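Given next are the chains, with one letter for each unit.
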Amino acid sequence: MGVTVKSLVNVGLKTGYSVLVTVAAGFVGIHISAALRCRGDYVLGLDSFNSYYDPTLNRARQHVWKKSGIFIVEGDIKDTGLLNKLFEVVHFTHVIYLAAQAGVRYAMKKPKILYS
């Protein structure tokens with residue numbers, strides 16, 4: 001994938017919390033991320049922008065990220081190299097794990113989709 005993760009400056013946080021939010025560009029993820037930033041937390045989002053839902057919907061929320069000061073990394077939760085790098089660069093105090101397979105029928109047809 002070739003994702004470069006640079007050291008992110010640990011800004012002066014009001015709460016002292018740094019939070020990794022998975023599926024941060026989704027409807028729930030963007031609202032949680034924005035609320036955390038509003039509270040004063042540092043938020044780094046991770047999202048794969050997969051095609052199960054229209055990726056343009058998630059990318060259209062980009063203005064919320066920029067306005068709220070949320071940094072989003074495009075990558076897959078299954079990419080252990082990327083996750084290791086993120087945890088090496090940022091000392092997360094919390095992780096909000098929203099990654100799941102939407103759609104019961106799809107998950108029944110492809111039960112290992114999140115693990116392969």
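Our structure's up above, just so we're on the same page.
Owing to the predicted nature of the structure, the values given are computational and were not obtained by experimental measurement.

(A) Summary view of the overall build of the protein chain. Helices and strands together make up the secondary structure of the protein chain, namely five helices and four strands. Reading the protein chain from its N end, one meets helices and strands in the order β-α-β-α-α-β-α-β-α. The 116 residues of the protein chain split such that 31% are buried. In the protein chain, 74% of the contacts between residues at least 6 apart in sequence involve partners at least 24 apart. Summed over all atoms, the accessible surface of the protein chain reaches about 7,500 Å², with 58% contributed by carbon and sulfur.

(B) Quick look at the packing of aromatic side chains. As enumerated under the stated definition, the model contains two aromatic pairs in all. Geometrically, the ring pair formed by F87 and F92 is edge-to-face, given 5.0 Å between the ring centres and 70° between the ring planes. In this structure F87 comes out as partly exposed when scored by relative accessible area, which is 41%. On the basis of relative accessibility, which here comes to 10%, the residue F92 falls in the buried class.

(C) A look at the pattern of salt bridges. Scanning the model with the defined rule gives two salt bridges in all. Between R39 and D41 there is a salt bridge; the shortest N-O distance is 2.5 Å. Between K85 and E88 there is a salt bridge, with the nearest N and O atoms lying 3.3 Å from each other. Here K85 pairs with E88, and both are found in helix α4 (residues 80–89), just three residues apart, close to one helical turn. For E88, a relative accessible area of 60% gives the class exposed.

(D) Seen up close, the nonpolar core. Residues V19, V21, A24, A25, I30, L36, V43, F49, W65, I70 and I72 constitute the largest nonpolar core, which totals 11 residues. Once residues lying within four places of it in the same chain are set aside, the contact partners of V21 are G29, S33, L36, V43, L44, G45, L46, I96 and L98. The next biggest cluster of nonpolar side chains, apart from the first, holds 10 residues, and it includes L20, Y42, V90 and F92.

(E) How the structure looks around the environment of A24. The topology assignment puts A24 in the loop between β1 (18–22) and α1 (27–39). Accessibility expressed as a relative area gives 0% for A24, which makes it buried. Along the chain, A24 and I96 lie 72 residues apart, while their C-alpha atoms are 9.3 Å from each other. Contact partners of A24, with chain neighbours within four places excluded, come to G29, I30, S33, G45, L46, D47, W65 and I72.

Conventions adopted
Residues numbered from 1 in each chain as written. Predicted model: local features only at pLDDT ≥ 70, side-chain atom pairs only at ≥ 80, totals over all residues. Heavy atoms only, no water. Helix = DSSP H or I, 4+ residues; strand = E, 2+ residues; numbered from the N terminus. Buried < 20%, exposed > 50% of the residue type's maximum accessible area, 1.4 Å probe, protein only. Contact = heavy atoms within 4.5 Å. Areas by Shrake-Rupley, 256 points an atom, 1.4 Å probe, with all protein chains shown as cover. Phe/Tyr/Trp six-rings, centres within 6.5 Å; stacked < 30°, edge-to-face > 60°. Salt bridge = Lys/Arg side-chain N within 4 Å of Asp/Glu carboxyl O. Core = buried A, V, L, I, M, F, W, Y, C linked by side-chain atoms within 4.5 Å.

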